[in-house]
Amino acid sequence: MTLPLDQYLQLTKPRVVALLVFCAVIGMFLAVPGIPPWRALVFGTLGIWMASGSAAAFNHLIDERIDKLMVRTSRRPLATGHLKPRQVLVFAVVLGIVSMLVLALLVNVLTACLTFAGLIGYALVYTAYLKRATPQNIVIGGLAGAIPPVLGWTAATGGLHPFALQLCLIIFVWTPPHFWALAIFRRDDYARAGVPMLPVTHGVAYTRWQVLFYTVLLVLVTLLPAITRNSGLVYLGGALVLGAGFLYYAIRLLDPPDEYFAMRVFKYSVIYLMALFAFLLADHWLAVPLAQQGLTLKPLAS
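Just so you know, the residues in each chain are numbered from 1, in the order the chain's sequence is written. Only residues with pLDDT of at least 70 are given local features in this predicted model, and only at 80 or more are side-chain atom pairs given and counted; all residues enter the totals for whole chains, interfaces and linings. Note that water and hydrogens are dropped before the side-chain values are worked out from all heavy atoms of the structure.

A. Molecular detail of the nonpolar core. Think of a nonpolar core as a cluster: buried Ala, Val, Leu, Ile, Met, Phe, Trp, Tyr and Cys residues, connected wherever their side-chain atoms sit within 4.5 Å. Here the term buried applies to any residue with accessible area under 20% of the maximum for its type, exposed to any over 50%, and partly exposed to those in between, with areas from a 1.4 Å probe on protein chains only. Of all hydrophobic cores here, the largest spans 86 residues; its most connected members are Trp-174, Trp-180, Tyr-272 and Phe-277. The numbering of helices and of strands both runs from the N terminus, where a helix is a DSSP run of H or I of at least 4 residues and a strand a run of E of at least 2. Broken down by element, the residue count for this core peaks at 14 residues, all from helix H11 (residues 162-185). Non-local contacts of Trp-174, meaning those with residues more than four positions away in its chain, are made with Leu-19, Leu-218, Phe-246, Ser-269, Val-270, Tyr-272 and Leu-273. Two residues form a contact once any of their heavy atoms are found within 4.5 Å.

Quick look at the structure:
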């Protein structure tokens, strides 16, 4: 019997997980002067990917009823019946266990523990409880999705650092405007499924203002790496340009030209985060060789 591999792959939410893993890998590179240790780069990336895929599969399992009611998710493997709940449960558990073994045995225990906390935070705390309990679900539960750069850092170094926590904070503040833009566009779906997303409980106008508020906060938070001298002018310039773009979209969302504009905000937010972390990496790689020559790109250094 041929296994429906494409259906199992869909369970892992490949595009979402790719963004998470990308941020984790950037965390690895930012943690060290050159190339991260190969074990951290290979097995750390693999373990974080598998754990993220496991959390996504648990999300499918817990949200089976909701997914059947929403247009956006109605074609997921469980919703269509291509996979059975037992199959998804076994897949999620096995993938989660293997990811923990890979991280604990081939990377380090700290990364395994933090990854496990992130898995539980997303699969159980957010999906099983917060998502159905409060319109602030994505704010409170956003920490689980913000942890990848911390995981990358600990995988490469075996310890925590304030810079890694700044990266986590950036993703944490980025999550509400990112997700609420999607929720505005899909509000009828969430209402039909009985999920108390902010546009459903407080209205679209209120949510648009919240998107703007969090976008302003995000722009300010993204200045922290430069202010604390953990990054330099390359990153600062990129963050300001990208932040200006996000602010434009958030302000325009208050009086959008059409209904689809919220999705354009959502799509920009994904590009924004990837580009922001790319600027962090570019700044890091430029600063290291300059520092070796006694020079610096750090804007506030003495």
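B. Structural detail: the packing of aromatic side chains. The pairing test for Phe, Tyr and Trp rings, Trp by its six-membered ring, is centres within 6.5 Å, and the orientation test on the planes gives stacked under 30 degrees, edge-to-face over 60, and tilted for anything in between. Scanning the model with the defined rule gives 15 aromatic pairs in all. Look at Tyr-8 and Phe-91: their rings are 5.1 Å apart centre to centre, the planes differ by 50 degrees, and that puts the pair in the tilted class. In this pair, Tyr-8 is assigned in helix H1 (residues 5-11) and Phe-91 in helix H6 (residues 85-106), connecting sequence segments 83 residues apart. Relative to Phe-163, the ring of Trp-153 lies with its centre 5.8 Å away and its plane at 75 degrees, an arrangement referred to as edge-to-face. A residue pair is termed long-range when its members are at least 10 positions apart, and Trp-153 in helix H10 (residues 148-157) and Phe-163 in helix H11 qualify at 10 residues. With respect to burial, Trp-153 and Phe-163 carry one shared label: buried.

C. Spatial organisation of the packing of helix H3 (residues 38-62) against H6. Here H3 crosses H6 at 155 degrees, and the two axes come no closer than 8 Å. Of the possible angle classes, the one that applies to H3 and H6 is roughly antiparallel. The chirality of how H3 crosses H6 is left-handed. Gly is placed with the polar residues, together with every amino acid not listed as nonpolar (Ala, Val, Leu, Ile, Met, Phe, Trp, Tyr, Cys and Pro) or charged (Asp, Glu, Lys and Arg). Within the contact of H3 with H6, the residues separate by chemical class into 20 nonpolar, 6 polar and 1 charged. The convention used is that axes are lines fitted to C-alpha atoms, helices contributing only their stretch in contact, and that angles between N-to-C directions extend from 0 to 180 degrees. These descriptions rest on fixed angle ranges, namely under 35 degrees for roughly parallel, over 145 for roughly antiparallel, 65 to 115 for roughly perpendicular, and the rest for oblique. Each crossing gets its hand from how the near helix is turned against the far one by less than a right angle, where anticlockwise is left-handed and clockwise is right-handed.

D. Spatial organisation of helix H16 (residues 233-253). One less than the number of residues in a helix, times 1.5 Å, gives the span that helix is expected to have. Its 21 residues give H16 an end-to-end C-alpha distance of 30 Å, which sits within 8% of 30 Å, the value for a rise of 1.5 Å per residue. Among the residues of H16, those classed as buried are Tyr-235, Gly-238, Ala-239, Leu-242, Gly-243, Gly-245, Phe-246, Ala-250 and Leu-253. The buried residues of H16 occupy an angular sector of 160 degrees when projected down its axis, which confines them to one face. Here, the arc refers to the directions that run from the helix axis to the C-beta atoms.

E. Broad picture of the side chain of Thr-222. Its place among the elements puts Thr-222 in the loop between helix H14 (204-221) and helix H15 (224-227). We define a polar contact as two N or O atoms separated by no more than 3.5 Å, with the added condition that, inside protein, one atom must be a possible hydrogen donor and the other a possible acceptor, whereas residues neighbouring each other in sequence contribute only through side-chain atom pairs. There is a polar contact of 2.7 Å between the side chain of Thr-222 and the backbone oxygen of Val-219. In contact with Thr-222, not counting residues within four places along its chain, are Ile-170, Tyr-235, Ala-239, Tyr-272 and Leu-276.

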